[in-house]
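Fold and geometry: a report
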Amino acid sequence: MPAALPPPHPSPGGMPGLEAAAAAVIAAQRALAQARRDLSAAVHDARGAGEPVRTIAERTGLDAMTIRNILAVPPAAPPGRGS
C-alpha cells in the first residue's frame, strides 16, 4: 500500500497548493496502475484455475468483454524480472 501523503500545504488564498495537488494526482495514478496490475494477475489466476469468464465477471462486477480483454494481455512481470 502506498505511503500516505502529507496534508497539502495551503497557498496564500487558503487553497491546497499546486505542488500538493500534483503530487496527489501522481500518487493516485501510481496506485491505479498497481491496482490494474493486481486485477490482471488475479483474473489470470482465476482463469488459470478453471474459473469461467462469466463467473469472474460476476465476482468482479465487470462485464465478460472486459474480462476477455484483460485475459488477452499477459500479466506484467514482477519488477526485476522479465525483459
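All of these numbers come straight from a predicted model, not from anything done at the bench.

**Comments concerning helix α1 (residues 18-48)**
- Here α1 spans 45 Å end to end across 31 residues, near enough to the 45 Å set by a 1.5 Å rise per residue.
- Inspection of α1 places S40, V43, H44 and A46 among the buried residues, and these make up the whole buried set.
- Here the buried face of α1 lies against α2 (53-60) and α3 (64-71).
- Just downstream of α1, G50 is the residue with a positive phi angle, here 95 degrees.

**Quick look at the nonpolar core**
- By size, the foremost hydrophobic cluster in this structure holds seven residues: V43, A46, V53, I56, A57, I67 and I70.
- Contributions of two or more residues to this core are made by α1, α2 and α3.
- Broken down by element, the residue count for this core peaks at three residues, all from α2.
- Those residues in contact with I67, other than ones at most four positions away along the chain, are V43, V53, I56, A57, T60 and L62.

**Observations regarding the pattern of salt bridges**
- All chains considered together, the criterion is met by two salt bridges.
- When the shortest N-O distance is used, the salt bridge between R59 and E51 registers 2.8 Å.
- For R59, a relative accessible area of 63% translates into the label exposed.
- As a salt-bridge pair, E58 and R54 come within 3.6 Å of each other at their nearest N and O atoms. Remark: R54 and E58 occur in helix α2; sequence separation between them is four residues, near one turn of the helix. Taken as a pair, E58 and R54 share a single burial class, namely exposed.

What counts and how
Residues numbered from 1 in each chain as written. Predicted model: local features only at pLDDT ≥ 70, side-chain atom pairs only at ≥ 80, totals over all residues. Heavy atoms only, no water. Helix = DSSP H or I, 4+ residues; strand = E, 2+ residues; numbered from the N terminus. Expected span 1.5 Å × (residues − 1). Buried < 20%, exposed > 50% of the residue type's maximum accessible area, 1.4 Å probe, protein only. Contact = heavy atoms within 4.5 Å. Core = buried A, V, L, I, M, F, W, Y, C linked by side-chain atoms within 4.5 Å. Salt bridge = Lys/Arg side-chain N within 4 Å of Asp/Glu carboxyl O.

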